[in-house]
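Geometric and topological summary
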Amino acid sequence: MRLLPSFVLVAMLGLVASTPAPQGGSTGNPACSVWLDVRDDMQSGLFNGAKCENGVHKALRLAFHDSIGFSQSLTASGQFGGGGSDGSIIEHSAIELTFGPNGHLEGIVEPLRALAIKHGVSFADIIQFAAAVGVANCRGAPRLEFMAGRSNSSQVSPPRLVPGPGNSVDQILSRMADAGFSADETVDLLASHSIAAQEGLNAAVAGSPFDSTPDVFDTQFYVETLLKGILNTGPTTGFAEKLSPLPGEFRMQSDFAIARDPRTACRWQALTNDPVLMSQAFRAAMVRLSTLGNDRSTLQDCSDVIPIPNSNPTPPTLPGGKTEADIEASCPDTPFPVLPIAPGIAPSIPPVAV
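Keep in mind that this is a model prediction, so the values were computed, not measured. For every chain, the first residue of the written sequence is number 1, and numbering continues from 1 along that sequence. Owing to the predicted nature of the model, reporting of local features is limited to residues with pLDDT of at least 70; listing and counting of side-chain atom pairs is limited to 80 or more, with chain, interface and lining totals taken over all residues. Water and hydrogen atoms play no part in the side-chain values, which are based on all heavy atoms of the structure.

1. Quick notes on the UniProt feature "binding site: Ca(2+) 2" (unreviewed entry) in the chain
Here is the rule: UniProt positions are given in the numbering used here, feature names are shortened, and annotations may be inferred rather than shown by experiment. In this description a helix means any DSSP run of H or I spanning at least four residues, a strand means any run of E spanning at least two, and both kinds are numbered starting from the N terminus. Think of it in three bands: residues with accessible area under 20% of the maximum for their type are buried, residues over 50% are exposed, and the middle band is partly exposed, with areas taken using a 1.4 Å probe on protein chains only. Contacts are residue-level and defined by heavy atoms, with any inter-residue pair within 4.5 Å sufficient.
According to UniProt, the "binding site: Ca(2+) 2" (unreviewed entry) feature falls on S194, D211, T213 and D218. Separation in sequence by 25 residues is not matched in space for these annotated residues, since their most distant C-alpha atoms are only 9.6 Å apart. For D211, the position within the fold is in the loop between α10 (183–189) and α11 (220–225). What makes D211 buried here is its relative accessible area of 0%. Residues within four places of D211 in sequence aside, it is in contact with S194, D218, Q220, F221, E224, E249 and I349. The topology assignment puts D218 in the loop between α10 and α11.

What follows is the structure in structure tokens.
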């Protein structure tokens, strides 16, 4: 007999309390004090009053796209392998925003450029700071580390270092390994898609989210990506789009494939009903990603400036109208966990503002 996790039982009994808005941190480190003002400007402007909206997704996406411009194989061959988390996507935006996977990032690049110049901080730092502050606005999210002191000088990233939604699993895992990340860590980083929506893959349904709870950092993304696809999100199929299990939800080809690949399927399944593991694993992977290409010993730990998120875990469910028979489980090691089924029939998921 498989037992439901205790937090699922608590939620089913209605005992999970609502949580207040994220609280701002403070700092006793003078080297970090500038970030208090940056945070306040960022929360009121970029994040629309500290909300978990599309600005958070853009901030996370920018942090990944800046950092992943790092290649050990290029460096080993005597070429410039990229600076990692170096702010080059802002400093050299005229070039890097023309790279295919970096489309639709100009809407956050320019506000962050202005904020960095206003407060006298580096582009590299403000990118990672925006990701950490933004994530803290989402219920269930971990409090991410923030290290300050990255250089404000960078070179243009080599092209073709950012994996895209149309890439195969082989291509994605190879690119991530070249940057120093394992297959498990690649799955862990995809937790960012739990608070994300597509933009540029299907213009007819811009803002369609990747799961049914795009304003909550929870495991629904991992659960719902394993559901059988039955419909297109919009009137036509977009770029790198697979059939979706729920009206209004967008499914990327790369997410679909990684969830079912034998190298990643068991890690994916492990995250479907374990929000604590999801949170811890995402934070650990972001620690590495956010300092890629930097010497950590030269940086200041300013994590205490990051708001304290409302981190009560949200228990996963099967959407209303779905059963375990709709799950395309691909992990041969363990059966898919028992999940409660949400009442009723899952409604169409509205798009988020982009």
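2. Thoughts on the pattern of salt bridges
Definition in use: Throughout this description, the term salt bridge denotes a Lys or Arg side-chain nitrogen within 4 Å of a carboxyl oxygen of Asp or Glu.
As enumerated under the stated definition, the model contains 12 salt bridges in all. Two residues, D170 and R263, come together in a salt bridge whose shortest N-O distance is 2.7 Å. In this pair, D170 sits in helix α9 (residues 169–178) while R263 sits in the loop between α12 (253–260) and α13 (265–272), placing the two residues 93 residues apart along the sequence. We note a salt bridge from E185 to R288, for which the minimum N-O separation is 3.0 Å. In this pair, E185 is assigned in helix α10 and R288 in helix α14 (residues 275–290), connecting sequence segments 103 residues apart. What makes E185 buried here is its relative accessible area of 19%.

3. A look at the layout of surface pockets
Formally: Space inside and on the surface of the protein is sampled on a 1 Å grid over the protein atoms alone, with a cavity defined as a set of points where a 1.4 Å probe fits but cannot get out and a pocket as an open set with protein on both sides within 12 Å along at least 5 of 7 lines; lining residues have an atom within 4 Å of a point. Grid points are joined across faces, edges and corners, and a volume is the space filled by probe spheres set on the points.
A volume near 740 Å³ is recorded for the largest pocket. Around the largest pocket, the lining is made up of 36 residues, and of these R61, H65, P163, H193 and M252 lie nearest the centre. Contributing elements (two or more residues each) for the lining of the largest pocket: α3 (54–67), α9, α10, α12 and α14. In terms of residues, the lining of the largest pocket owes the most to one element, α3, which gives 6 residues.

4. Quick look at α13
Most of α13 sits inside the fold, with 6 of its 8 residues counted as buried. Buried residues along α13 sit in contact with α10, α11, α12 and α14.

5. Digging into α14
This is how it is decided: Between the first and last residue of a helix there are one fewer steps than residues, each counted as 1.5 Å, and that sum is the expected span.
Between its first and last C-alpha, α14 extends 22 Å over 16 residues, near the 22 Å set by a 1.5 Å rise per residue. Buried within α14 we find P275, M278, S279, A281, F282, A285, M286, V287, L289 and S290.

6. Looking at the packing of α3 against helix α7 (residues 106–119)
Definition in use: Under this scheme, a helix contributes an axis fitted over its contacting stretch, all axes are lines through C-alpha atoms, and angles between N-to-C directions fall in the 0 to 180 degree range. By the definition adopted for this analysis, an angle is roughly parallel if under 35 degrees, roughly antiparallel if over 145, roughly perpendicular if from 65 to 115, and oblique otherwise. For this classification, Asp, Glu, Lys and Arg are treated as charged, while Ala, Val, Leu, Ile, Met, Phe, Trp, Tyr, Cys and Pro are nonpolar and the rest, including Gly, are polar.
With their axes 9 Å apart at the nearest point, α3 and α7 run at an angle of 85 degrees to one another. By the angle between their axes, α3 is roughly perpendicular relative to α7. Across the interface between the two elements, G55, K58, A59 and L62 of α3 pack against I108, V109 and L112 of α7. By residue class, the composition of the contact of α3 with α7 is 5 nonpolar, 1 polar and 1 charged.

7. So, the UniProt feature "active site" (unreviewed entry) in the chain
Here the UniProt feature "active site" (unreviewed entry) sits at H65. In this structure, H65 sits in helix α3.

8. Observations concerning the packing of aromatic side chains
So the rule is basically this: By convention, a stacked pair of Phe, Tyr or Trp rings (six-membered ring in the case of Trp) has centres within 6.5 Å and planes under 30 degrees apart, an edge-to-face pair has planes over 60 apart, and any other such pair is tilted. Here, over-ring charges are defined by two tests on the NZ atom of lysine or the CZ atom of arginine: distance to the ring centre within 6 Å, and angle to the ring normal within 35 degrees.
Evaluated as defined, the whole model comprises 8 aromatic pairs. Relative to W268, the ring of F221 lies with its centre 5.4 Å away and its plane at 55 degrees, an arrangement referred to as tilted. Note that F221 is positioned in helix α11 and W268 in helix α13, a separation of 47 residues in sequence. W268 shares its class with F221; the two are buried. One residue, K242, lies across the ring of F256, its end atom 4.6 Å from the ring centre.

9. Describing unusual backbone geometry
In this structure, N48 is a non-glycine residue whose phi angle is positive, near 55 degrees. Phi is positive for H104, close to 70 degrees, though the residue is something other than glycine. Using a relative accessible area of 35% as the deciding quantity, one classes H104 as partly exposed.

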